[in-house]
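The residues making up each chain are set out below.
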Protein chains: 6
Amino acid sequence: MALNAFRITEEPYYHSIANEIALFEAAYSARMPMMLKGPTGSGKTRFVEHMAWRLGRPLVTVACHEDMTASDLVGRFLLDAGGTVWHDGPLTQAVRHGGICYLDEIVEARQDTTVVIHPLTDSRRVLPLEKRGELVTAHPDFQLVISYNPGYQSVLKDLKESTKQRFAAIEFGHPSFDAETRIVCTEAEVPEEVAARLVRIAASSRNLKGHGLREGASTRMLIHAARLVARGVALATACDIALVLPITDDADLRDAVRAAIAVAAA
Amino acid sequence: MALNAFRITEEPYYHSIANEIALFEAAYSARMPMMLKGPTGSGKTRFVEHMAWRLGRPLVTVACHEDMTASDLVGRFLLDAGGTVWHDGPLTQAVRHGGICYLDEIVEARQDTTVVIHPLTDSRRVLPLEKRGELVTAHPDFQLVISYNPGYQSVLKDLKESTKQRFAAIEFGHPSFDAETRIVCTEAEVPEEVAARLVRIAASSRNLKGHGLREGASTRMLIHAARLVARGVALATACDIALVLPITDDADLRDAVRAAIAVAAA
Amino acid sequence: MALNAFRITEEPYYHSIANEIALFEAAYSARMPMMLKGPTGSGKTRFVEHMAWRLGRPLVTVACHEDMTASDLVGRFLLDAGGTVWHDGPLTQAVRHGGICYLDEIVEARQDTTVVIHPLTDSRRVLPLEKRGELVTAHPDFQLVISYNPGYQSVLKDLKESTKQRFAAIEFGHPSFDAETRIVCTEAEVPEEVAARLVRIAASSRNLKGHGLREGASTRMLIHAARLVARGVALATACDIALVLPITDDADLRDAVRAAIAVAAA
Amino acid sequence: MALNAFRITEEPYYHSIANEIALFEAAYSARMPMMLKGPTGSGKTRFVEHMAWRLGRPLVTVACHEDMTASDLVGRFLLDAGGTVWHDGPLTQAVRHGGICYLDEIVEARQDTTVVIHPLTDSRRVLPLEKRGELVTAHPDFQLVISYNPGYQSVLKDLKESTKQRFAAIEFGHPSFDAETRIVCTEAEVPEEVAARLVRIAASSRNLKGHGLREGASTRMLIHAARLVARGVALATACDIALVLPITDDADLRDAVRAAIAVAAA
Amino acid sequence: MALNAFRITEEPYYHSIANEIALFEAAYSARMPMMLKGPTGSGKTRFVEHMAWRLGRPLVTVACHEDMTASDLVGRFLLDAGGTVWHDGPLTQAVRHGGICYLDEIVEARQDTTVVIHPLTDSRRVLPLEKRGELVTAHPDFQLVISYNPGYQSVLKDLKESTKQRFAAIEFGHPSFDAETRIVCTEAEVPEEVAARLVRIAASSRNLKGHGLREGASTRMLIHAARLVARGVALATACDIALVLPITDDADLRDAVRAAIAVAAA
Amino acid sequence: MALNAFRITEEPYYHSIANEIALFEAAYSARMPMMLKGPTGSGKTRFVEHMAWRLGRPLVTVACHEDMTASDLVGRFLLDAGGTVWHDGPLTQAVRHGGICYLDEIVEARQDTTVVIHPLTDSRRVLPLEKRGELVTAHPDFQLVISYNPGYQSVLKDLKESTKQRFAAIEFGHPSFDAETRIVCTEAEVPEEVAARLVRIAASSRNLKGHGLREGASTRMLIHAARLVARGVALATACDIALVLPITDDADLRDAVRAAIAVAAA
């Protein structure tokens, strides 16, 4: 498929938190491999979409998982009427034609996936297609970006030191009160007053993190609740459906979160 | 196959418990990904069939299991007379043509299955067919629904936090006495008096939950017993066959359940 | 292959123990999924053959094992001169054409096998052929029967609660003295006196169950011994070959079983 | 391939120990499935070859191992110029054409292999070729024989109770002094005096079983030593090469075995 | 593909540390298999590129990983219009045509990969292509080089003794202050003063190794920081992005590294 | 491929240690399966090459590993223009055409590999090609030889008793001082004085075995050091590169080995 399908034609909404846009531009001008760190729903995927649009590069996103093989990234031979024909994988397409390749949650992938990117992330900037016997030199515009959620890292499943060292990193957290309120307003099309109340609720739930909750409510979950409110669901019910029920089945914990919601919503 | 094969033409019998129909309609109008939570036999599958009928959308149901691969959901190349031809999987069909895709017991599936749905459950609403090099944008009518049985969740096999956060949730439990009686009457075509007696028996068995029984009798099991009664099997025998023998092999536990049945049936 | 190959044309010999024939007929008339429970060699397979003959339905038997895949049950694409052609698996044949499908020792199978039967065992009565994109509605005569040996169930390998609840159950044990004597007479063509002596020996061996023996001698083993006797082998030797040597290699246990045999044979 | 390739045209040398030939003939006349039990090198394989010759049946031997699949036994589709063509596996050949199928060390095989033989070992005597959709009824002359080494059985890898019960068993041990001497003479073409000395050595080594040695010297190993002696190797050296070095690397144990050899050889 | 694609036409920048160039030349003149030992980012890959250029040999680099099979190295049959055609893998290409084959991080590979190189590393100098039935004698110019990071070796994953013995070894560590400063200057095009400050920072971070950090900053990471500085990013920010954030998520450790940076940067 | 490619036309240099050549000739004249035992680098592979040359038989060597399948040994069907065509594996070639098949480090292989050789190592001398349905009778000149390193045997990975018993064994250790000196002279083309000094160094390093070193320096490693010396590398440096660095990363152990080298080299 033409890489043009991966061009982002409309500006993706992104609310800048600090100097991350300038830092990414500096890194891209050096074609430095980048790692975006941060919890789920903190905007890493949206940021890379925004940067791809800003830099005018096609964006190839791959959601990594433990059953993904190197061939899923690099490409494979498929049987055609006239025999086997090589099909470039998403990484190879980006390497060849100068896109940004975004490997989402790379720590989930098997080692063959992470090793395959090594020669792309040092001075060689090449991708060996071993099964095809081809050595692809990266297009001058190609850049590799990975995401990484520190909260998930464990001894068993962490990036190898020799992989981490190949990336410079930008860190993401929850946005400020004002920023998050504006994001919820914009994405769910609710009045600022509703958005602000939901952001206060989120802050309460995030305080419960570590007291049984692995993570507090993300911005994405607030947008869910706000969209239900916008469709006539009562705020308490919307919070229950979007912030409480999906996250925990523990009755005590549910009560604690609901109490925090009630206070913040008041 | 045409998605029309998955249209539900007759109203599936569903007895509403609370405001779940209105909540689902609000969620669907925002195309919000939904999680149906609840124990086995509590009516989650029937509810989604009812909603698909009510909303006039085709319903593609996939029973997840630990040997299911992402290809089973997304599609694969098959060898034809003229070479390999791509065949859309059930998820891709629903995404392309605007159906509701219901992933039943998604927690059983391997990670590649759960990760594949991520880009469908955020603002992107796309499904990358990596093996085919195609990025399918979801039909405006497409919605994703998953089911989840909290009683089964364990440390080893639970949805990832980053997956849970993408869904709003509706919870299902056992229906009220009156509701369950009406369901048994309707489904098994037995007199209300028989149905009521069976529902009382079910309540007794549910009280034994935690005292050796992992779950009490479900509505489905009551319907089994009622159908045997309707075919001339004595109530005690029918309860034994449908409520006791399938559930436990422990002699003491069987006696306890039978005693509870005898009291409730009296 | 035509399902007719699976029609049972001669009455399989079956000695009824209690009301199991009537119960199965009631269940079949409701097309209720059935579970046959009981130890090895207790006649579950013979019973389902007898019922298939009695109900005039073809019987498709599948011996489950841990390397069996869902495709082995459901069907697969095979490469033909003109490309890939779909071949229905044994379950699909029974579903399409109205046979009884008997899944022997289903607990041995992998989860994808057990999950595949879920939509066949509730009100939907459909079998989704995901790889083919077809939704097969069960023939009105189709019934699903599974066998289950409670002695084998363990924490690691047991049916899921959500599977068990879908079946009504009939339980099998060792037949009565008279019944078993008649079975051995009929099957091995030995005089009643020989059969009776062997059944008494079996009773002794079954008393040792739990004292080192996992199961006592089954009816099938008695028939083996009887057939050897019918061919001129001495009773003690026949019992050794058919009842002792296959079951245990522990010298003390062998002596105990032989002593029990000697007493019972006297 | 024609099963005739598996006919044994010359009498395989076999020295009978007890009444095992008559017992096997009785079992074969009832087509009873047989289990040959005994340690390695005790003559189980030779016995079944002898019986196949004596009964005039082709013998299909399969050495089982943990990577063997049911398809290796039953058959598979192979791609030919005109598409896929079914090829019967060794078990199917024996079933169809009336051979004796000998599954050597069946306990090593995966469960799908052992389950595949169940319908062949009860009154059905059929082999379902699930992938081909064919139900092969066994040829009247077909018999199934398995071997089983009790010394190897463990909790993790043992035949299932439901498999063991399907077989009658004959047990093999080390032959008597005179019998073993004659076997060594015949097989290695050495004078009786040499053979006798080696058999005495074997007896000594077998006494060390349990004191570090898992098994003593087998008849096969004695034949190895005898053949080296027949080619001019000194008895002590021949024993070292054939009886000591292959079995243990423990220096003390080697000295113990060598001392036993020295005494017995004197 | 022609091995010429793997010729290195421009001298790769390499700053010699000791006598490693002369030693490698001596080893190459004896075609001795070589092992390059050292931590990540210590220049092993750059060294082998430099030597390949200096010796005028094509360089075939393979990044090893635990999912790599022997076929990935040696070659495989691929289906073409006219049937299966053999394609040499990267190792076979180097063996046949006289290249240097560099197996990077060989300890990550599965055993079949390491065993495949054995006959290439003793007097035989052959590569058996078992699947093709060909015995390739190595081209007189062929040499095998592997890399090995001692910091990663564990009991579970280490080279077998019988593999290690086949290689002579050269060891790599961090370069001297002057050498590293010159490398950073050259690679990132920054003034010597900036480079020197970064090298001092690296020394501080390397002192923290063992106090929570698995490895200190590598030369590669210094170059990342320097390149960001060259693009206008403040030194402290550049160090944070390139030296701190990618390496640790521990807040205390981050503070310690930042403090060390502040001191060294002053 | 013609087995002639595996004929050894030039006498491989082999320095005999004891009577192993005569013993192997006696064993070959009885076509007895042989096991060569000994540590890495002790000359087992060279010995079997020498014997194959001396006996005038082609030698097929297979380096076993844990990912090798029985098909890699026996052969497989490959897809050709006209369908699938059988290709003999290396073992089958040797069996059919009368070569010596040498399975190097067989203990590394999976069980299906070791079981496949059983019928070749008893009186049957046949190789069943189950997938092809062919029973290959071994050529009268065929012999099977395996190697086995006792130092590696563990409970988890050892040859089965029933496999070991099928082989007679010859044991290899380090050669005598004079023998090893002559080997190093001949292979590395260094003066006897240099070789002798290296052999003394090896003796010192072998004394450290058990004090941290798993094995001392092998003859192969001495040849490496000698070849570097022959190319102008100083003796101490050559020993470091060839004897110390490849073997251990422990600083204390390195010092101990270096001290031993210094003393022996003096």
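Residues numbered from 1 in each chain as written. Chains lettered and ligands numbered in written order. Predicted model: local features only at pLDDT ≥ 70, side-chain atom pairs only at ≥ 80, totals over all residues. Heavy atoms only, no water.

Turning our eyes to something else, we now look at the overall build of chain A. Looking only at helices and strands, one finds 11 helices and nine strands in chain A. C-alpha atoms of chain A, sized along the principal axes, occupy 65 × 40 × 40 Å. Taking as baseline every contact in chain A between residues at least 6 positions apart, the subset at least 24 positions apart corresponds to 70%. Side-chain charges of chain A comprise 29 positive and 33 negative groups, with the mean position of each set lying 3 Å from the other. (Helix = DSSP H or I, 4+ residues; strand = E, 2+ residues; numbered from the N terminus. Contact = heavy atoms within 4.5 Å. Lys, Arg positive; Asp, Glu negative; His and termini not counted. Charge placed at Lys NZ, Arg CZ, Asp CG, Glu CD.)

It is worth spelling out the sheet that holds strand β2 (residues 59-63) of chain F at this point. All names here are of chain F. Reading across the sheet, the five strands line up as β2-β5-β8-β1-β9 and stay open at both edges, with parallel pairing between neighbours. The outermost strands of the open sheet, each flanked by one partner alone, are β2 and β9 (168-171). Going from strand to strand, the sheet's axes swing by 20 degrees on average, the running direction of each strand aside. Of the strand pairs in this sheet, strand β1 (residues 34-37) and β9 are connected by four bridges, and their pairing is parallel. Of the residues in β9, the one forming a bridge with Met-35 is Ala-169. (Pairing = 2+ DSSP bridges. Axes fitted to C-alpha atoms, helices over the stretch in contact; angles between N-to-C directions.)

On to helix α2 (residues 44-55) of chain F, then. Residues and elements named next belong to chain F. Spanning 12 residues, α2 covers 16 Å between terminal C-alpha atoms, matching the ideal 16 Å at 1.5 Å per step. Of all 12 residues in α2, nine are buried, a share of seventy percent or more. Listing the buried residues of α2 in full gives Lys-44, Thr-45, Arg-46, Phe-47, Val-48, Glu-49, His-50, Met-51 and Ala-52. As for α2, its buried residues are in contact with α1 (20-29), β1, β2, β5 (100-104), β8 (143-148) and α7 (177-188). After α2 finishes, the residue Gly-56 shows a positive phi value of roughly 70 degrees. (Expected span 1.5 Å × (residues − 1). Buried < 20%, exposed > 50% of the residue type's maximum accessible area, 1.4 Å probe, protein only.)

Each partner contributes to the interface: chain C provides 41 residues, whereas chain B provides 44 residues. Approximately 3700 Å² of surface area, both sides summed, lies buried where chain C meets chain B, with 55% of it carried by carbon and sulfur atoms. Interface area lost by chain C to chain B is led by Glu130(C), Glu161(C) and Gln165(C), which between them contribute 20%. Linking chain C with chain B are two salt bridges. (Buried area = accessible area lost by both parts, 1.4 Å probe. Salt bridge = Lys/Arg side-chain N within 4 Å of Asp/Glu carboxyl O.)

Any aromatic ring pair is given by two values, namely how distant the centres are and how the planes are angled relative to each other. In total, this model carries 18 aromatic pairs over all chains according to the counting rule given. With centroids separated by 5.5 Å and ring planes inclined at 90 degrees, the aromatic side chains of Phe24(F) and Phe47(F) adopt a geometry described as edge-to-face. You can see Phe24(F) sitting in helix α1 and its partner Phe47(F) sitting in helix α2, a full 23 residues away along the chain. The same class applies to Phe24(F) as to Phe47(F), namely buried. One aromatic cluster in this structure is built from Tyr14(A), Phe24(A), Phe47(A) and Phe172(A). When the ring centre of Tyr28(B) is taken as origin, the NZ or CZ atom of Arg31(B), which lies over that ring, is 4.0 Å away. (Phe/Tyr/Trp six-rings, centres within 6.5 Å; stacked < 30°, edge-to-face > 60°. Lys NZ or Arg CZ within 6 Å of the ring centre and 35° of its normal.)

Another point: the domain arrangement of chain A. All names here are of chain A. As assigned here, chain A comprises domain 1 (4-171) and domain 2 (177-265). Distance from the C-alpha centre of domain 1 to the C-alpha centre of domain 2: 32 Å. The partner domain 2 presents 10 residues to the eight residues of domain 1 that form the contact. Here domain 1 and domain 2 share an interface that buries about 750 Å² over both sides, 49% of which is from carbon and sulfur atoms. Per-residue buried area on domain 1 facing domain 2 is highest for Tyr-13, His-15 and Gly-41; these three make up 62% of the total on that side. Across the domain 1-domain 2 interface, the total number found is one salt bridge. (Domains from an automatic or database assignment.)

A pair of packed helices is captured by two measures, namely the crossing angle of their axes and the spacing between those axes. Residues and elements named next belong to chain C. Between helix α8 (residues 192-207) and helix α9 (residues 219-230), the least distance of the axes is 10 Å, while the angle of their chain directions is 140 degrees. Comparing the axis directions of α8 and α9 gives the class oblique. Considering how the two elements wind past one another, α8 and α9 form a crossing that is right-handed. Here Val-194, Leu-198, Val-199, Ala-202 and Arg-206 of α8 lie close against α9, whose contacting residues are Thr-219, Leu-222, Ala-225, Ala-226 and Val-229. In the contact of α8 with α9, the residues fall into eight nonpolar, one polar and one charged. (Parallel < 35°, antiparallel > 145°, perpendicular 65-115°, else oblique. Left-handed = near helix turned anticlockwise from the far one by under 90°. Nonpolar A, V, L, I, M, F, W, Y, C, P; charged D, E, K, R; others polar.)

Residues and elements named next belong to chain D. Here strand β5 (residues 100-104) lies mainly inside the structure; five of its five residues are buried. Across the two faces of β5 the burial is the same, with Ile-100, Tyr-102 and Asp-104 and Cys-101 and Leu-103 all buried. Examined bridge by bridge, strand β2 (residues 59-63) and β5 share five bridges and lie parallel to one another. Its bridge partner being in β5, Thr-61 is matched across the sheet by Tyr-102. Direction of pairing for β5 relative to strand β8 (residues 143-148): parallel, over a ladder of four bridges. Looking at the pairing, Cys-101 lines up with Leu-144 of β8.

Attention shifts here to the relation of the copies chain C and chain B. The two chain copies are related to each other by a rotation about an axis together with a translation along it. Between chain C and chain B, which share one sequence, the superposing operator has a rotation angle of 60 degrees and an axial displacement of 0.0 Å; the RMSD is 0.0 Å. Taken together, these values place the two copies in the relation of a six-fold axis. In this assembly, only 2% of the residues forming the interface of chain C have copies in chain B that are likewise at the interface, indicating a heterologous arrangement. (Least-squares fit on C-alpha atoms with pLDDT ≥ 70 in both.)

Left apart from each other, chain A and chain C have a closest C-alpha approach of 11 Å. The least C-alpha distance between chain C and chain E, which are not in contact, is 15 Å.

Counting from both sides, the interface comprises 43 residues of chain E and, opposite them, 41 residues of chain A. Both faces combined, the contact of chain E with chain A buries some 3700 Å², and carbon together with sulfur accounts for 55% of it. Taken as a group, Arg220(E), His224(E) and Asp249(E) account for 15% of the area that chain E buries against chain A, more than any other trio of residues on that side. Counting across the chain E and chain A interface gives two salt bridges. The salt bridge partner of Asp249(E) is Lys37(A), with a shortest N-O separation of 2.5 Å. If you tally residues by element for the side of chain E that touches chain A, the top one is helix α9 (residues 219-230) of chain E, at five residues. Of the residues belonging to the side of chain E that touches chain A, the class tally is 18 nonpolar, nine polar and 16 charged.

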